[in-house]
Amino acid sequence: MQRLRGQAMNGRNRIPLDLSNTPELRDLTRKISLFALTEVKKQITLAKKEESEGIIRAWLQNCQCHAARRYGFPCYHVVPTNGDTIPLNSIAPFWRLDN
Ligand SMILES: [Zn+2]
């Protein structure tokens, strides 16, 4: 786990373009690990895909689905897709780089 965190730290300066180009993530880049960032990005992509297919999402405030429970960050049921930023406090402290 220590090694994992070390890798996360090393990832600080190498934010992939598709992550830095996602407005929803702008408050999170360089504040949470690259793994968490990538996973949250996947949730946003899923959410946008469902929206584009006309699926109305539930907008559960405290969703307890698998993704939310397992990782401790917002799942595709709750992530914004309109460019609103995801607040840092919605990410489990475990993933933050500053603790
Ligand atoms: Zn969910």
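The preceding data block contains the structure.
Presented here is an overview of the structure given in this document. Values in this document were obtained by computation on a predicted structure and should not be read as measured data. (Residues numbered from 1 in each chain as written. Predicted model: local features only at pLDDT ≥ 70, side-chain atom pairs only at ≥ 80, totals over all residues. Heavy atoms only, no water.)

**What to know about the nonpolar core**
L25, L28, I32, L37, V40 and I91 are the most contacted members of the largest nonpolar core, which totals 15 residues. In terms of residue count, helix α3 (residues 34-52) provides more of this core than any other element does, five residues in total. Contact partners of L37, with chain neighbours within four places excluded, come to I15, L19, L25, L28, T29 and I32. (Core = buried A, V, L, I, M, F, W, Y, C linked by side-chain atoms within 4.5 Å. Buried < 20%, exposed > 50% of the residue type's maximum accessible area, 1.4 Å probe, protein only. Helix = DSSP H or I, 4+ residues; strand = E, 2+ residues; numbered from the N terminus. Contact = heavy atoms within 4.5 Å.)

**Description of the pattern of salt bridges**
Across all of its chains, the model carries three salt bridges by this definition. K48 is paired through a salt bridge with E24; the nearest N and O atoms lie 3.4 Å apart. Placement of K48 in helix α3 and of E24 in the loop between α2 (17-20) and α3 is noted, with a sequence separation of 24 residues between them. Accessibility expressed as a relative area gives 35% for K48, which makes it partly exposed. Notably, a salt bridge pairs E39 with K42, separated by 2.8 Å at the nearest N-O pair. (Salt bridge = Lys/Arg side-chain N within 4 Å of Asp/Glu carboxyl O.)

By themselves these figures say nothing about function.
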